[in-house]
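# Structural overview
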Amino acid sequence: MSNSVKTDDVIFNFFKQICDEKDDQKCVELGKNWIDAMETNLSNMEANLNGANKLKHKDDIQSNRDHLNSLKSKTSSEWRDYATQCMVEILSNKEN
């Protein structure tokens with residue numbers, strides 16, 4: 001469980017960095033870095049799945065890819081809003 005908390009803390013801090021970034025271009029770059037990291041994670045997860053599991057999770061993986069694609073054109077203010085929403089969600093899940 002402490003591993004999960006540490007992961008949540010890292011993700012929270014990354015989103016906080018997006019929110020705190022005053023330079024709009026750097027904010028968007030941070031968002032794009034997030035997308036790149038998540039796409040790499042999805043590819044790694046997909047590569048580690050075998051036949052039945054790959055088929056079982058195919059729709060979820062595609063849904064995640066679609067979500068990431070929808071983030072690619074966000075402006076800095078949209079990234080800050082998105083990051084804030086993610087931080088709120090992380091905090092609310094920690095309380096449960």
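Note: the structure precedes this text.
Keep in mind the model is a prediction, meaning the values are calculated, not measured. (Residues numbered from 1 in each chain as written. Predicted model: local features only at pLDDT ≥ 70, side-chain atom pairs only at ≥ 80, totals over all residues. Heavy atoms only, no water.)

## Examining the overall build of the protein chain
In terms of helices and strands, the protein chain carries four helices and zero strands. When its helices and strands are written in sequence order, the protein chain yields α-α-α-α. Considering only C-alpha atoms, the protein chain reaches an extent of 45 × 30 × 15 Å along its principal axes. Burial analysis of the protein chain (96 residues in total) assigns 23% to the buried set. Here the analysis covers contacts within the protein chain between residues at least 6 apart in sequence; of these, 67% occur between residues at least 24 apart. For the protein chain, the distance from the average position of its 13 positive side-chain charges to the average position of its 17 negative side-chain charges is 3 Å. (Helix = DSSP H or I, 4+ residues; strand = E, 2+ residues; numbered from the N terminus. Buried < 20%, exposed > 50% of the residue type's maximum accessible area, 1.4 Å probe, protein only. Contact = heavy atoms within 4.5 Å. Lys, Arg positive; Asp, Glu negative; His and termini not counted. Charge placed at Lys NZ, Arg CZ, Asp CG, Glu CD.)

## Some details on the environment of Asn44
Topologically, Asn44 is positioned in helix α2 (residues 24–48). When the C-alpha positions of Asn44 and Gly31 are compared, they lie 20 Å apart, and in sequence the two are 13 residues distant.

## Some remarks on the packing of α2 against helix α3 (residues 51–71)
With their axes 11 Å apart at the nearest point, α2 and α3 run at an angle of 170° to one another. Classed by the angle they form, the pair α2 and α3 counts as roughly antiparallel. Between α2, through Ile35, Met38, Glu39, Leu42, Ser43 and Glu46, and α3, the contact on the second element is made entirely by Lys54, Ile61, Asn64, Arg65, Leu68, Asn69 and Leu71. Its residues placed into classes, the contact of α2 with α3 shows six nonpolar, three polar and four charged. (Axes fitted to C-alpha atoms, helices over the stretch in contact; angles between N-to-C directions. Parallel < 35°, antiparallel > 145°, perpendicular 65-115°, else oblique. Nonpolar A, V, L, I, M, F, W, Y, C, P; charged D, E, K, R; others polar.)

## Looking at the nonpolar core
Of all hydrophobic cores here, the largest spans 19 residues; its most connected members are Phe15, Ile18, Leu71, Trp79 and Tyr82. Those elements giving two or more residues to this core turn out to be α1 (2–20), α2, α3 and α4 (76–95). Contacts of Ile18, omitting those with residues within four sequence positions, involve Cys27, Leu30, Gly31, Trp79, Arg80 and Ala83. (Core = buried A, V, L, I, M, F, W, Y, C linked by side-chain atoms within 4.5 Å.)

## Some words on α3
When the terminal C-alpha atoms of α3 are compared, their 30 Å separation across 21 residues agrees well with the 30 Å that a helix rising 1.5 Å per residue should span. The sharpest bend along α3 reaches about 50° and sits at His57. Of all the positions in α3, only Ile61, Leu68 and Leu71 are classed as buried. (Expected span 1.5 Å × (residues − 1). Bend = angle between axes of the 7 residues up to and from the residue.)

## Considerations on the side chain of Arg80
Among the structural elements, Arg80 can be located in helix α4. Side chain to side chain, Arg80 and Asp24 meet in a polar contact 3.1 Å long. Every residue in contact with Arg80, bar those within four places of it in the chain, is listed here: Ile18, Cys19, Glu21, Lys22, Asp23, Asp24 and Cys27. (Polar contact = N/O pair within 3.5 Å; in protein donor to acceptor, adjacent residues only side chain to side chain.)

Keep in mind that these numbers describe shape and distance, not what the molecule does.
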